[in-house]
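Below are the chains, spelled out letter by letter.
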Amino acid sequence: MKTNYDVVIVGGGVAGLSTAYYLMKRGKRVAVLEQYEVGNAFGASGDHGRVFRMTYGKDTFYTDLAVRSLALWKDVQKDAREELYMPIGVLDLAMGPGQYEDQCYQALKGMGLPVSKWSSAETHERYRIFNPRAFKFAVHHPDGGMLWAQRALNAFAHLAQSRGSRVFTKTRVTAVLRNKTDGVYGVRDASGKVYEGASYLFAAGAWTADLLNAYGLPIKPTRQELLYLRPPNNQGRYRPAHCPIFASVAKGFYGFPVHIHGFMKLGDHKKGKPGKPGQGTPEISPGFEKNARLFLRKLIPDLAGFSETEGKVCYYDNTPDDDFILDRLPDSPNAWVAAGFSGHGFKFGSLVGKTLADLLVDGKTELNQQRFRLTRFKLKEK
Ligand SMILES: Cc1cc2nc3c(=O)[nH]c(=O)nc-3n(C[C@H](O)[C@H](O)[C@H](O)COP(=O)(O)OP(=O)(O)OC[C@H]3O[C@@H](n4cnc5c(N)ncnc54)[C@H](O)[C@@H]3O)c2cc1C
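Keep in mind that this is a model prediction, so the values were computed, not measured.

A. Representation of unusual backbone geometry within the structure. A positive phi angle, close to 55°, is found at Arg 81, a residue other than glycine. Mapping Arg 81 onto the fold places it in the loop between helix H2 (60–80) and strand E4 (85–86). One non-glycine residue, Lys 170, adopts positive backbone phi at about 50°. With respect to the helices, strands and loops of the structure, Lys 170 is situated in the loop between strand E9 (166–168) and strand E10 (173–179).

Right, here's the structure in full:
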């Protein structure tokens, strides 16, 4: 059986659903095919919170993208009529040489964005939880904060469907139908149903390289661990009013204040072991919890005694240069791929969605796509 849409999107994470939302705003009829549920625990977008930061060292390209994304997130938030972005500030702590943090400060200052550089004593003055002997100085930007990830996905799905688009959950695409003349002319799901569109977008996260295996996309997923922990005491000190998003690039760890059922969250941005969703144990390793405790013992000693925890595993879809892939598939003028977000894509979800909608409808976008082109790689097509 066949169904027909303006655009068929494979993947109901932030890339796929935000694109459906912006296509809806362009009056397009869209089908989003998601193998699990919206916000499922296997996808990279399926979590309570995601960091929104503007700090990218001296790489002002991404800082600029973050500024544009924030303006769009605020518009989506208005449309959704619920809080999607919590401006609680981001604190980059110089627990290493401090060069990266200094570059962050110079970059935001140079772009006229609100940012402060505090000594460790000044930081402790403002946020008592941090041990001033654990870091040299800190860079704080108030526009940083947390995005309510799950809420954002539900909002995109709800708003897109409010004007005729469809989100098909539990619908796993098992075949991409293509030929030399038309390029991609359909996708088939596990039940044999074929979905046809004028255009196609493949936004399947860590599954993209396998789904589009004919193209030899250079995406290497890694297994990333997260730890939800309940503060052992004085919970009030770890609420957003007294605890920002905090990060140490040198140590890799980043953390969220209490934000869900009394739990904080700690993650490590360093790339984990290669792996694929659904492979291996969903449990975090004892080593991760041990390292998290060691990190906290240094930076937030009162927190290191945590006992109640919940681990979570998901996957980064890494490209060799950590830049995204937002481009047409080589042999298909009507098919696009959005993947390779390399562990830092959620914050740009709004802008990525708008950009892809413009590319799918107009074939062009105001965004400089140079760093997101597939042509930067030598694809080993199969
Ligand atoms: C542990 C962790 C922490 C992170 N923290 C941050 C952060 O703080 N800030 C930030 O900006 N970014 C962060 N990221 C990165 C960010 O979450 C991702 O870049 C972003 O969510 C990617 O979205 P996506 O839509 O491309 O992929 P996903 O969210 O993975 O969505 C892809 C979807 O496609 C579906 N799918 C796959 N194959 C098929 C198929 N064959 N048929 C149908 N459906 C299919 C999957 O089920 C999945 O739901 C983090 C990522 C991880 C893993």
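So much for the structure itself; the text now carries on.
B. Local environment of the site of the ligand. The environment of the ligand is made up of 36 residues, and the closest members are Glu 34, Ser 45, Val 51, Cys 314 and Lys 347. Separating an oxygen atom of the ligand from a side-chain N or O atom of Glu 34 is a distance of 2.7 Å. Val 173 places a main-chain nitrogen or oxygen 2.9 Å from a nitrogen atom of the ligand. Look at the ligand: alone it shows 1000 Å² of surface, and the protein chains cover 97% of it. At the level of elements, helix H1 (14–25), strand E3 (49–52), strand E13 (220–229) and strand E17 (309–318) are the ones that each hand at least two residues to the shell around the ligand. The element contributing the most residues to the shell around the ligand is E17, with three residues. When grouped by side-chain class, the residues that make up the shell around the ligand number 19 nonpolar, 13 polar and four charged.

C. How the structure looks around the state of the cysteines. Scanning all chains against the criterion turns up zero disulfides. Cysteine Cys 104 is unpaired, with the sulfur of Cys 243 as its nearest cysteine sulfur at 19 Å.

D. Representation of the layout of surface pockets. Within this model, the second largest pocket holds a volume of roughly 260 Å³. For the lining of the second largest pocket, the class distribution of residues is two nonpolar, five polar and six charged.

E. A look at the environment of Ser 69. Checked against the element boundaries, Ser 69 lands in helix H2. Overall, Ser 69 belongs to the buried group, its relative accessible area being 0%. Sequence-wise, Ser 69 and His 140 are 71 residues apart; in three dimensions their C-alpha atoms are separated by 19 Å.

F. View of empty space enclosed by the protein. Counted by the stated rule, this structure contains two cavities of 30 Å³ or more. Taken as a whole, the largest cavity spans an internal volume of roughly 40 Å³. Forming the boundary of the largest cavity are Arg 68, Leu 351, Lys 354, Thr 355, Asp 358, Thr 365, Glu 366 and Leu 367. In terms of residue class, the lining of the largest cavity is made up of two nonpolar, two polar and four charged. Estimates place the volume of the second largest cavity at around 30 Å³. Around the second largest cavity, the lining residues are Leu 65, Phe 324, Leu 326, Phe 348, Leu 351, Val 352, Leu 367 and Phe 372.

G. How the structure looks around helix H3 (residues 99–110). Its twelve residues give H3 an end-to-end C-alpha distance of 16 Å, which sits within 8% of 16 Å, the value for a rise of 1.5 Å per residue. Along H3, the residues that are buried comprise Glu 101, Cys 104, Tyr 105, Ala 107 and Leu 108. Projection of H3 onto a plane perpendicular to its axis shows the buried side chains occupying an angular sector of 165°, all on one side. More than 90 degrees from the buried face of H3, the exposed residues found are Gln 99 and Gly 110. Against H2, strand E5 (90–93), strand E6 (116–119) and strand E7 (137–141) lie the buried residues of H3. Directly after H3, the chain includes Gly 112, whose backbone phi takes a positive value near 70°.

H. Structural view of the packing of H1 against helix H5 (residues 149–161). It is at 8 Å that the axes of H1 and H5 come closest, and there the two elements cross at 35°. In terms of crossing hand, the pair formed by H1 and H5 is left-handed. Note on element contacts: H5 touches H1 through Leu 153, Phe 156, Ala 157, Leu 159 and Ala 160, opposite Val 14, Leu 17, Ser 18, Ala 20, Tyr 21 and Met 24. By residue class, the composition of the contact of H1 with H5 is ten nonpolar, one polar and no charged.

I. Quick peek at the packing of aromatic side chains. Taken as a whole and assessed by the stated rule, the structure comprises 25 aromatic pairs. Considering the side-chain rings of Trp 73 and Phe 346, the 5.9 Å spacing of their centres and the 5° angle between planes classify their relative orientation as stacked. Taken together, the positions of Trp 73 in helix H2 and Phe 346 in the loop between strand E19 (332–339) and helix H8 (349–362) put the pair 273 residues apart, joining distant regions of the chain. Neither residue differs from the other here; Trp 73 and Phe 346 are each classed as buried. The interplanar angle of 65° and the centroid separation of 6.2 Å between the aromatic rings of Tyr 254 and Phe 256 together place this pair among those described as edge-to-face. On the basis of relative accessible area, Tyr 254 is assigned to the buried category, the value being 16%. One aromatic cluster is present, formed by Tyr 56, Phe 61, Tyr 62, Phe 324, Phe 341, Phe 348 and Phe 372 through successive ring pairs.

Definitions and limits used
Residues numbered from 1 in each chain as written. Predicted model: local features only at pLDDT ≥ 70, side-chain atom pairs only at ≥ 80, totals over all residues. Heavy atoms only, no water. Helix = DSSP H or I, 4+ residues; strand = E, 2+ residues; numbered from the N terminus. Near = heavy atom within 4 Å. Polar contact = N/O pair within 3.5 Å; in protein donor to acceptor, adjacent residues only side chain to side chain. Areas by Shrake-Rupley, 256 points an atom, 1.4 Å probe, with all protein chains shown as cover. Nonpolar A, V, L, I, M, F, W, Y, C, P; charged D, E, K, R; others polar. Disulfide = S-S within 2.5 Å. 1 Å grid on protein atoms, 1.4 Å probe; cavity = no way out; pocket = protein on both sides within 12 Å on 5 of 7 lines; lining within 4 Å. Points joined across faces, edges and corners; volume = space filled by probe spheres on them. Buried < 20%, exposed > 50% of the residue type's maximum accessible area, 1.4 Å probe, protein only. Expected span 1.5 Å × (residues − 1). Arc of directions from axis to C-beta. Contact = heavy atoms within 4.5 Å. Axes fitted to C-alpha atoms, helices over the stretch in contact; angles between N-to-C directions. Left-handed = near helix turned anticlockwise from the far one by under 90°. Phe/Tyr/Trp six-rings, centres within 6.5 Å; stacked < 30°, edge-to-face > 60°.

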